[in-house]
Amino acid sequence: MNVNEHEEQQDQGGDDAQVSTGATLDTSGVPEAAIPELVIISGMSGAGRSTAAKCLEDLGWFVVDNLPPALIPTMVELGARSQGNVARIAVVVDVRGRRFFDNLRESLADLESKHVTRRIVFLESSDDALVRRFESVRRPHPLQGDGRIVDGIDAERELLRELRGDADLVIDTSSLNVHELRAKMDAQFAGEEEPELRATVMSFGFKYGLPVDADLVADMRFLPNPHWVPELRPFTGLNEEVSAYVFNQPGAKEFLDRYAELLRLIAAGYRREGKRYVTIAIGCTGGKHRSVATSEKLAARLAAEGVETVVVHRDMGRE
C-alpha cells in the first residue's frame, strides 16, 4: 500500500474563496502557557500529507486540512482562548490553496514574533514514485493543467522550494508504506509514551446479525443462557445477579482471563502497525444477558490497563 491514499486529491477546490489580508495573531491577555503548539504539514501532492495528518489526529492533535495560510494565526488564537481544550494544532497547507500561499511567510513571521512553538513537516517523494501514485488512481496532478503529471510535479516543487528549505522535518516517502510513515510520525510526535489505542467493546445478538464494523468477534453462546432462568429473564447483563450467574458458570472466568491476555498481545501489534481504533464485538443469542455481562467485565479490564474504552450494547432492549 502506498503512503498516499490520495485523500488530499479528492478535493482540489478551495481556490474561489476570498481572503483579502492576512490575519494577525492577537493573544493579549492570554497566558503564554495557553498558546497551543503548532505543526504545519505540507509537501508534495501524493507524498502522504493526509496520512501524516491522520496520524497526528490519532495522537490527539486538532487537525485542520487545507486552511488558507492567512488564517493560521486566527486558528492559533482560537486555540489559545479555548481554556486548554485545544493544546496542539496541526494545519495541512498545500497547493489547493495556492492563491493564499504567498501569505504563509507573513503568517509564520507573526507566529514567531508571538513566541508560538511551531514546526514544519515537509513530505517529500521522488518524481517516479509520485507519477506512479497519480497514475494508479487515474487523477491529474492539481497543478498540471493541460500538461503532463510531471509538469505539475515540477511546478509544485518550484512553488514549495523555499518552504522545504525552512522545514524542521523532511520525510522522504518514496519507499515508505502507510505503516512506515505512521511509525516515523509517531517517533517524532508520540513522545516516550506508546501511541494510544482506543477500544469499543460492543455486545450484540447473533439473531440480529454480526456488527459490520467489528474487528474481533467472541461468541458467548458456550455458556448457559440466563433467559431460561425465570427469575433472571426480565433483567439484562447489567444486573448484578445476571452477571454473577454468567461468571459462576464453568469456563466463564477462564475465558475472560485468556481473552484479555490475547487482547494485550493483539493491542501491542495494532500499535506497531499504526492501528489506533479497535471494535471488539461480544455476542450471544439475543444480546441481552451473556454478551452484555461479558462486555462490561472486559471493558473494565481494558480500562484498568490504560486503554481508552467505550461500551456499546447494540441490541439490549430489542426483544
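So, here is what we can say about the structure in this document. (Residues numbered from 1 in each chain as written. Predicted model: local features only at pLDDT ≥ 70, side-chain atom pairs only at ≥ 80, totals over all residues. Heavy atoms only, no water.)

**A word on helix α2 (residues 72-80)**
Okay, step 1: Summarising burial for α2: seven of the nine residues are buried, a large majority.
Okay, step 2: Of all the positions in α2, only I72, P73, M75, V76, E77, G79 and A80 are classed as buried.
Okay, step 3: Those residues of α2 hidden inside the fold are in contact with β1 (37-43), β2 (62-65), β3 (88-92) and α3 (104-113). (Buried < 20%, exposed > 50% of the residue type's maximum accessible area, 1.4 Å probe, protein only. Helix = DSSP H or I, 4+ residues; strand = E, 2+ residues; numbered from the N terminus. Contact = heavy atoms within 4.5 Å.)

**Thoughts on the nonpolar core**
Okay, step 1: With 48 residues, the main nonpolar core has L38, I41, L56, I72, M185 and F189 as its most contacted residues.
Okay, step 2: Residues within four places of I41 in sequence aside, it is in contact with R49, A52, A53, L56, A90, V91, V92, V93, V121 and L123.
Okay, step 3: Judged by nonpolar contacts, the second largest core, of 28 residues, contains V201, F247, L256 and I282. (Core = buried A, V, L, I, M, F, W, Y, C linked by side-chain atoms within 4.5 Å.)

**Focus on the packing of aromatic side chains**
Okay, step 1: What the rule picks out here adds up to four aromatic pairs.
Okay, step 2: The interplanar angle of 15° and the centroid separation of 5.3 Å between the aromatic rings of F255 and Y259 together place this pair among those described as stacked. On the criterion of helical spacing, the pair formed by F255 and Y259 is a turn pair, its members being four residues apart in helix α8 (residues 252-272).
Okay, step 3: Through a chain of ring-to-ring contacts, the aromatic side chains of F222, F255 and Y259 assemble into a single cluster.
Okay, step 4: In this structure, R221 packs its charged tip against the face of F206, placed 3.7 Å from the ring centre.
Okay, step 5: Over the face of the ring belonging to Y208 we find R318, whose NZ or CZ atom lies 4.0 Å from the ring centre. (Phe/Tyr/Trp six-rings, centres within 6.5 Å; stacked < 30°, edge-to-face > 60°. Lys NZ or Arg CZ within 6 Å of the ring centre and 35° of its normal.)

**A word on the layout of surface pockets**
Okay, step 1: Estimates place the volume of the largest pocket at around 200 Å³.
Okay, step 2: Considering the residues around the largest pocket, the lining is formed by 13 residues, among which K207, N225, H227, G286 and K288 are closest to the centre.
Okay, step 3: In the lining of the largest pocket, the residues fall into three nonpolar, six polar and four charged. (1 Å grid on protein atoms, 1.4 Å probe; cavity = no way out; pocket = protein on both sides within 12 Å on 5 of 7 lines; lining within 4 Å. Points joined across faces, edges and corners; volume = space filled by probe spheres on them. Nonpolar A, V, L, I, M, F, W, Y, C, P; charged D, E, K, R; others polar.)

**Considerations on the environment of M44**
Okay, step 1: Along the chain, M44 falls in the loop between β1 and α1 (49-58).
Okay, step 2: By relative accessible area, M44 is classed as buried at 1%.
Okay, step 3: Between the C-alpha atoms of M44 and D94, which are 50 residues apart in sequence, the distance is 7.9 Å.
Okay, step 4: Once residues lying within four places of it in the same chain are set aside, the contact partners of M44 are R49, F122, L123, E124, L130, I153, E156, R157 and L160.

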